[in-house]
Amino acid sequence: MTVQPTLDGTIPTPPRRIADDFDTWYAEVEPYYIAAAASGETYTIYEVAERHRLPQPPDSHMWGRLATLIREAGYHRPVGWTTSPRPTSHHSGLRTWTGTAAARRAVA
């Protein structure tokens, strides 16, 4: 795939691939969120996805399902809100998460 440079000569970051189905996508991205939870840091789902250039789910609403499944598995819990750095979100509210003791034990 050839990437066209921008007018200022920089090379744009290519878009992340879109997964074919939820189960395969979830299995691929879940370890990154468990590791983020185990770190003890506060994070957003978006920050982890961007840092690791994780694939997009088949449907954008599945990011919320990811956060719910990780919470239900006992790996993270909500701690607050921030504004989204994602350009298309117009600084909308974004949940922040932190790991649980179970997450720290899972990675240890």
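Report follows, based on the coordinates. Just so we're clear, the structure is a prediction, and the values are computed from it rather than from any experiment.

A few points about the overall build of the protein chain
Per the secondary structure count, the protein chain includes 4 helices and 2 strands. For the protein chain, the N- to C-terminal ordering of α and β elements is α-α-α-β-β-α. C-alpha atoms of the protein chain, sized along the principal axes, occupy 50 × 30 × 25 Å. Of all 108 residues assigned to the protein chain, the portion counted as buried reaches 31%. Within the structure as shown, the protein chain displays about 6900 Å² of accessible surface, and the carbon and sulfur contribution to it stands at 54%. Charged side chains in the protein chain number 11 positive and 11 negative. The centres of these two groups are separated by 8 Å.

Comments concerning the layout of surface pockets
Taken as a whole, the largest pocket holds about 520 Å³ of empty space. As for the largest pocket, its lining consists of 19 residues, and the residues nearest its centre are Ile45, Tyr46, Trp63, Arg86 and Leu94. Only α2 (45–51), α3 (62–72) and β2 (93–99) provide two or more residues apiece to the lining of the largest pocket. Element by element, the count of residues in the lining of the largest pocket is highest for α3, at 5 residues. Across the lining of the largest pocket, the residue classes break down as 8 nonpolar, 5 polar and 6 charged.

Digging into unusual backbone geometry
The backbone of Arg53 sits at a positive phi, close to 50°, despite the residue not being glycine. For Arg53, the location among the structural elements is in the loop between α2 and α3. For Arg53, a relative accessible area of 37% translates into the label partly exposed.

Observations regarding α3
Looking at α3, one finds that the buried residues are Trp63, Leu66, Ala67, Leu69 and Ile70. Taken end-on, α3 shows its buried residues confined to a sector of 165°, consistent with a single buried face. Buried residues in α3 make contact with α1 (22–38), α2, β1 (76–83) and β2. Looking at the residues trailing α3, positive phi occurs at Gly74, about 90°.

What counts, and where the lines are drawn
Residues numbered from 1 in each chain as written. Predicted model: local features only at pLDDT ≥ 70, side-chain atom pairs only at ≥ 80, totals over all residues. Heavy atoms only, no water. Helix = DSSP H or I, 4+ residues; strand = E, 2+ residues; numbered from the N terminus. Buried < 20%, exposed > 50% of the residue type's maximum accessible area, 1.4 Å probe, protein only. Areas by Shrake-Rupley, 256 points an atom, 1.4 Å probe, with all protein chains shown as cover. Lys, Arg positive; Asp, Glu negative; His and termini not counted. Charge placed at Lys NZ, Arg CZ, Asp CG, Glu CD. 1 Å grid on protein atoms, 1.4 Å probe; cavity = no way out; pocket = protein on both sides within 12 Å on 5 of 7 lines; lining within 4 Å. Points joined across faces, edges and corners; volume = space filled by probe spheres on them. Nonpolar A, V, L, I, M, F, W, Y, C, P; charged D, E, K, R; others polar. Arc of directions from axis to C-beta. Contact = heavy atoms within 4.5 Å.

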